[in-house]
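# Results of the structural survey
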Amino acid sequence: MLGRTVTRKIAPRGLTHEERLHWHGWNVTQAGCWEWAGERRVGGYGTIRYLTGHVVAHRAAYETWVGPIPEGHVVRHKCDNPPCINPGHLETGTHADNSRDMVERGRSFKVYGGDHHKAKLTWEEAQSVLRAYKTGVFTQSMLAEALGVRRQVISDICRGRTY
């Protein structure tokens, strides 16, 4: 068989939020986090499937064990651990609060240029492209062909959008 087979635990129908959280389970870390043992989305956040779609596990945990989430609020992790569903580690706040947490806790960096996992060129190659283009001898198309990348990659380097 080609590809990979993904086995997902699908909870039985008719379970309450709390029963569903317990059915999937969690693992307790030394820091006291309850790391979701069920399905996770990109970024590590737990997810639970309901008839209406998927719900992130930490929101379901907060609503189940703490109470309703105020309109326009998100559930934030005091522990900075995305799979954590420990109600003692969760609090509500605005998107602005969540963004401020991200900056204050050093999670706001973005990866650019050659360090990005989808980078086509190294940092040094990008600097060479920029120097060559600035001479006026080479067009973006010529540089793209020489390096085996799309012209848009070269254009983004020359315009300062990447690297």
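Look a little higher up for the structure.
Everything quoted here is computed from the prediction, not taken from an experiment.

Turning our eyes to something else, we now look at the overall build of the protein. Check the secondary structure of the protein and you find 6 helices and 6 strands. Relative to its 163 residues, the protein shows a buried fraction of 32%. Looking at the protein alone, contacts between residues at least 24 apart form 40% of all its contacts between residues at least 6 apart. Roughly 11,000 Å² of accessible area belongs to the protein as shown, and the carbon and sulfur atoms make up 52% of that amount.

Attention now moves to the nonpolar core. Core analysis: the largest hydrophobic core is formed by 12 residues, namely L121, A126, V129, A132, L143, A144, V149, V153, I154, I157, C158 and Y163. When residues of this core are traced back to their parent elements, those giving at least two are α4 (123-134), α5 (140-147) and α6 (151-158). Of the residues forming this core, the biggest block, 4 residues, is contributed by α6. A132 has contacts with F138 and L143, leaving out every residue within four places of it along the chain. Counting 11 residues, the second largest nonpolar core, distinct from the first, contains I48, A60, A61 and I85.

On to unusual backbone geometry. In most cases, non-glycine residues show a negative phi, while peptide bonds are predominantly trans. Positive phi values are uncommon outside glycine, yet D80 reaches one of about 60°. Of note, D80 is situated in the loop between β5 (74-77) and β6 (90-93).

Residues three or four positions apart in an α-helix share a direction because the helix packs 3.6 residues into each turn. With 6 of its 8 residues buried, α6 lies for the most part within the structure. Every buried residue of α6 is accounted for by V153, I154, S155, D156, I157 and C158. Each element contacted by the buried residues of α6 is listed here: α4 and α5. One or two residues past the end of α6 sits G160, with phi positive at roughly 80°.

Definitions and cut-offs
Residues numbered from 1 in each chain as written. Predicted model: local features only at pLDDT ≥ 70, side-chain atom pairs only at ≥ 80, totals over all residues. Heavy atoms only, no water. Helix = DSSP H or I, 4+ residues; strand = E, 2+ residues; numbered from the N terminus. Buried < 20%, exposed > 50% of the residue type's maximum accessible area, 1.4 Å probe, protein only. Contact = heavy atoms within 4.5 Å. Areas by Shrake-Rupley, 256 points an atom, 1.4 Å probe, with all protein chains shown as cover. Core = buried A, V, L, I, M, F, W, Y, C linked by side-chain atoms within 4.5 Å.

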